[in-house]
Amino acid sequence: MKVLVSAASRHGSTAELAAVVADVLRSRGHDAIAVPPADVTSLAGYDAVVLGSGVYYGRWLDPAHKFVDRFAADLAGKQVFMFSSGPVGGTTAIPDAIPTDVAGLMERVGAFHHVIFDGKLDPNSLGLRERMAVKVVGVPQGDFRDWYSVIKWAGEVADELGPWVPRTPQPSGRRYSV
Ligand SMILES: Cc1cc2nc3c(=O)[nH]c(=O)nc-3n(C[C@H](O)[C@H](O)[C@H](O)COP(=O)(O)O)c2cc1C
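Residues numbered from 1 in each chain as written. Predicted model: local features only at pLDDT ≥ 70, side-chain atom pairs only at ≥ 80, totals over all residues. Heavy atoms only, no water.

Chemist: Let's hear about the site of the ligand: which residues, and what values?
Modeler: Taken together, the neighbourhood of the ligand is formed by 20 residues, with Ser9, Thr14, Val55, Tyr56 and Lys120 sitting nearest. A distance of 3.4 Å is found between an oxygen atom of the ligand and a backbone nitrogen or oxygen belonging to Gly12. With the chains in place, 97% of the 640 Å² that the ligand exposes on its own is no longer accessible. When contributions to the shell around the ligand are tallied by element, the ones reaching two or more residues are α1 (13-27), β3 (48-56), β7 (120-121) and α4 (128-137). Classifying every residue of the shell around the ligand gives 8 nonpolar, 9 polar and 3 charged. (Near = heavy atom within 4 Å. Polar contact = N/O pair within 3.5 Å; in protein donor to acceptor, adjacent residues only side chain to side chain. Areas by Shrake-Rupley, 256 points an atom, 1.4 Å probe, with all protein chains shown as cover. Helix = DSSP H or I, 4+ residues; strand = E, 2+ residues; numbered from the N terminus. Nonpolar A, V, L, I, M, F, W, Y, C, P; charged D, E, K, R; others polar.)

Now the structure itself:
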């Protein structure tokens, strides 16, 4: 299957997750490529899409929303898998781990699968406003990405890839950790 993996990422860590997902899909025999949402001009030729985003203030980033706006009609006929990258270190500082907008995005594109991965927070990469925001909320700093979980989930996606059939959408997400 030809698969597009596209993830909105402000500071790069979610883009790295997308690259690994594409690597795993390729290692499982799929023709997968990772492209940032803003650089995607067409979905022609793709059988399936893995769409992700870093989570900021409880929501997906703008480029991921714009991707859905631009391609909602095309996505409705493809298998769509979604992932969020946000919670850092199992913190309770950001209690609402499921982004508030994901259920709506899933519904628009007929996605039936969404998982949440732990993310990375490097204070040195943040601007002044973001640094103040994470200080106020008390978000822990560090790289909490669990590559084993990401690789395992990508393997499950590889197994699920197949001809598109209508499905009942699943609840909007679960934290994916093995
Ligand atoms: C200003 C700011 C706000 C954030 N808000 C949330 C949030 O609401 N929920 C969450 O789970 N993670 C939140 N995070 C953590 C990020 O989602 C996490 O660091 C993610 O891995 C960043 O992805 P990126 O490097 O691709 O931009 C926030 C981080 C920053 C810097």
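Chemist: Describe α1, naming the residues involved and giving the relevant values.
Modeler: The terminal C-alpha atoms of α1, which comprises 15 residues, lie 21 Å apart, in line with the 21 Å expected from a rise of 1.5 Å per residue. Phi for Gly29, located one or two positions after α1, is positive at around 95°. (Expected span 1.5 Å × (residues − 1).)

Chemist: Mind laying out the nonpolar core, listing which residues take part and the relevant values?
Modeler: Ranked by internal contacts, the top residues of the largest apolar core, which has 25 residues, are Leu25, Val50, Phe83 and Trp153. Those elements that provide at least two residues to this core are β1 (2-8), α1, β3, β5 (79-85), β6 (114-117) and α5 (147-160). It is α1 that contributes the most residues to this core, 7 residues altogether. Within the second largest apolar cluster, 23 residues are counted, among which are Ala8, Val49, Val102 and Ala111. (Core = buried A, V, L, I, M, F, W, Y, C linked by side-chain atoms within 4.5 Å. Buried < 20%, exposed > 50% of the residue type's maximum accessible area, 1.4 Å probe, protein only.)

Any functional reading would require information beyond the geometric quantities listed.
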